[in-house]
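So you can see what is in the structure, the chains are spelled out below.
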Amino acid sequence: MMINQSQLDEDQAWRQLQARDRKADFLYGVTTTGVFCRPGCGSRAPLRSNTRFFTTPSEAKAAGFRACQRCKPEAPKSEDPIARMCAYLERKLDRPVRLVELGKLIGVSPFTAQRLFKDGMGVTPAQYQRAIRAHALRGQLGNGETNVTTAIYEAGYGSSSRAYEQTPLGMTPGKFLAGGRGEKIRFAVAEVADLGWIIVGATERGICWLAIGGSEKEAEASIREEFPAADITADPMLADTVRKIVEGLGSSAKSSPLPLDLRGTAFQLRVWKALQEIPAGETKTYSQLAAEMGIPSSTRAVARACALNRVSVLVPCHRVVGVSGSLTGYRWGVERKRALLASERHSG
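Residues numbered from 1 in each chain as written. Predicted model: local features only at pLDDT ≥ 70, side-chain atom pairs only at ≥ 80, totals over all residues. Heavy atoms only, no water.

A short note on the overall build of the protein
Right, so step 1: Across its full length, the protein holds 15 helices and 10 strands.
Right, so step 2: Counting every position in the protein, which comprises 348 residues, the buried fraction comes to 46%.
Right, so step 3: Of the contacts formed within the protein by residues at least 6 apart in sequence, a portion of 57% connects residues at least 24 apart.
Right, so step 4: Of the roughly 17400 Å² that the protein leaves accessible, carbon and sulfur atoms contribute 51%. (Helix = DSSP H or I, 4+ residues; strand = E, 2+ residues; numbered from the N terminus. Buried < 20%, exposed > 50% of the residue type's maximum accessible area, 1.4 Å probe, protein only. Contact = heavy atoms within 4.5 Å. Areas by Shrake-Rupley, 256 points an atom, 1.4 Å probe, with all protein chains shown as cover.)

Some thoughts on the pattern of salt bridges
Pairs can form between side chains of opposite charge once their charged atoms are near each other.
Right, so step 1: Under the counting rule described, the total for this entry stands at 12 salt bridges.
Right, so step 2: In this structure, Glu226 and Arg331 form a salt bridge, with 3.0 Å as the shortest nitrogen-oxygen distance. With Glu226 in helix H10 (residues 216-226) and Arg331 in the loop between strand S10 (320-321) and helix H15 (334-347), this residue pair connects regions lying 105 residues apart in the sequence.
Right, so step 3: Where salt bridges share partners, they join Glu226, Arg310 and Arg331 into one cluster. (Salt bridge = Lys/Arg side-chain N within 4 Å of Asp/Glu carboxyl O.)

Some thoughts on the packing of aromatic side chains
Right, so step 1: Under the criterion given, the structure shown has five aromatic pairs.
Right, so step 2: Aromatic side chains Phe26 and Phe53 sit 5.5 Å apart centroid to centroid with 75 degrees between the ring planes, which places their arrangement in the edge-to-face category. Of this pair, Phe26 sits in the loop between helix H1 (10-18) and strand S1 (27-30) while Phe53 is found in strand S3 (residues 51-54), placing the two residues 27 residues apart along the sequence. With respect to class, Phe26 is no different from Phe53; both count as buried.
Right, so step 3: For the ring pair Tyr330 and Trp332, a centre distance of 5.6 Å and an interplane angle of 70 degrees mean the geometry is edge-to-face. (Phe/Tyr/Trp six-rings, centres within 6.5 Å; stacked < 30°, edge-to-face > 60°.)

Brief notes about H10
Right, so step 1: Within H10 the residues assigned to the buried category are Ala219, Ser222 and Ile223. Along the long axis of H10, the arc covered by the buried residues comes to 90 degrees, so they all point the same way. Facing away from the buried side of H10 by over 90 degrees, the exposed positions are Lys217 and Glu225.
Right, so step 2: For H10, the secondary structure elements touched by its buried residues are strand S5 (184-192), strand S6 (196-203), strand S7 (206-213) and strand S8 (231-234). (Arc of directions from axis to C-beta.)

A word on the nonpolar core
Right, so step 1: Membership of the largest hydrophobic core comes to 47 residues, with the highest contact counts inside it found for Leu275, Leu289 and Cys306.
Right, so step 2: At the level of secondary structure, the elements contributing two or more residues to this core comprise S5, S6, S7, H10, helix H11 (239-247), helix H12 (266-276), helix H13 (286-292) and helix H14 (299-307).
Right, so step 3: Tallying contributions element by element places S7 first for this core, with six residues.
Right, so step 4: Aside from chain neighbours lying at most four places away, what touches Leu275 is Leu289, Cys306, Val315, Pro316, Cys317 and Val320. (Core = buried A, V, L, I, M, F, W, Y, C linked by side-chain atoms within 4.5 Å.)

What to know about the pairing of S1
Right, so step 1: Side chains of S1 alternate between two faces, with Leu27 and Gly29 and Tyr28 and Val30 buried alike.
Right, so step 2: Where S1 lies against S3, four bridges are found, and the strand directions are antiparallel. Its bridge partner lying in S3, Val30 is registered against Thr51.
Right, so step 3: Bridge analysis of S1 against strand S2 (residues 35-37) gives three bridges, and the strand direction is antiparallel. Paired with Val30 across the bridge in S2 is Val35.
Right, so step 4: With antiparallel pairing between neighbouring strands as the criterion, S1 and S2 make up a hairpin whose turn holds four residues, including Gly34 at a positive phi of roughly 75 degrees. (Pairing = 2+ DSSP bridges.)

Examining the environment of Ile198
Right, so step 1: Tracing the backbone shows Ile198 in strand S6.
Right, so step 2: For Ile198, a relative accessible area of 0% corresponds to the buried category.
Right, so step 3: Measuring from C-alpha to C-alpha, the distance between Ile198 and Ala188 comes to 8.4 Å, with 10 residues separating the pair along the chain.
Right, so step 4: Those residues in contact with Ile198 that sit more than four places away from it in its chain are Ala188, Val189, Ala190, Val192, Leu210, Ala211, Ile212, Val242, Val246 and Leu249.

Points about the packing of helix H3 (residues 81-91) against helix H4 (residues 99-106)
Right, so step 1: Where H3 contacts H4, the two axes come as close as 10 Å, and the packing angle between them is 135 degrees. As the angle between them shows, H3 and H4 are arranged oblique. Between H3 and H4 lies a crossing of right-handed hand. Of the residues in H4, those in contact with Pro81, Arg84, Met85, Tyr88 and Leu89 of H3 are Glu101, Leu102, Leu105 and Ile106.
Right, so step 2: In the contact of H3 with H4, the residues fall into seven nonpolar, no polar and two charged. (Axes fitted to C-alpha atoms, helices over the stretch in contact; angles between N-to-C directions. Parallel < 35°, antiparallel > 145°, perpendicular 65-115°, else oblique. Left-handed = near helix turned anticlockwise from the far one by under 90°. Nonpolar A, V, L, I, M, F, W, Y, C, P; charged D, E, K, R; others polar.)

Concerning the sheet that holds strand S4 (residues 66-67)
Right, so step 1: With mixed pairing, four strands are arranged side by side in an open sheet as S3-S1-S2-S4. Of all the strands in the sheet, just S3 and S4 have a single pairing partner and so form its edges.
Right, so step 2: Direction of pairing for S2 relative to S4: parallel, over a ladder of two bridges. In the strand pairing of S4, Phe36 is matched with Ala67.

Things to note about the sheet that holds S8
Right, so step 1: A sheet is described by the order of its strands in space; here four strands give the open sequence S7-S6-S5-S8, paired in mixed fashion. The sheet is open, and its two edges are formed by S7 and S8, each paired on a single side. Sheet twist, expressed as the average angle between the axes of neighbouring strands with direction ignored, equals 25 degrees.
Right, so step 2: Direction of pairing for S5 relative to S8: parallel, over a ladder of four bridges. Along S8, the bridge assignment pairs Ile185 with Ile232.

Keep in mind that these numbers describe shape and distance, not what the molecule does.
Structural data, given as structure tokens:
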């Protein structure tokens, strides 16, 4: 049961809205859009001056607001359409799920189901399902005990050809089982003041590794440790890419000299995408990032995904800090994190 209007503390409600608290027991309307939502909605955060608070959908509608099509504030609170779609996709790994099925599942059109899912998860339903299957396949192949054919079927693929066509491993399952043998990665390095040596590694699809080392030798060792069975060669042609990355340090540009070849689970890819949306010179806490993604209870999982980022600077995990503002850990060293943030703030 929702609280009475007289009991609604709007200052507390605003704090809960900023944290995207899914357990908060109120609704909010945005005067600039005329829409009312749940506090945990993944829509853009409103300004305080444009926000109105309500205890029931009826109150919001009486005030002239209409229900959000993303978070469905008039539906029973336990009914999360995105969570329902995710669970359905995970139960149907043995076959592709059509958008019409997802639409019927949550009572919307196929187009709306796709839009809701992509807005909430950062990927399409088909991409999410492929990523879940690929993650399962990685687990089966990575244990070194399961043969390729068995792993393919246990991961939910209907045939070996479907696995080879759809898995986003960047290589066939057999090559992954062999530690990535046969994958070709080119690299180049450059020295950067106050940071050390930057190394950029790229496959034919884009940048897959961007790390910082204390020396040229250390930088090169990092890529060979990360991809021990790949065919790794120096490529002077990448020097221009490294130069552009170095020149762009501290800028607000979001574009990369090359496409990024990011490999991870659907959740990790979603976190890495969110990192790229943080403006240069600004920072967010792990809890803020999780809340803005609509998953406030997943702070630890978000932090873990940040720690597994393979492409520093371009996927700026250095812009995420501890709740007290402390720099916390950083895969390439806290002092380098401090230097990157200082460079961005100075440039801004």
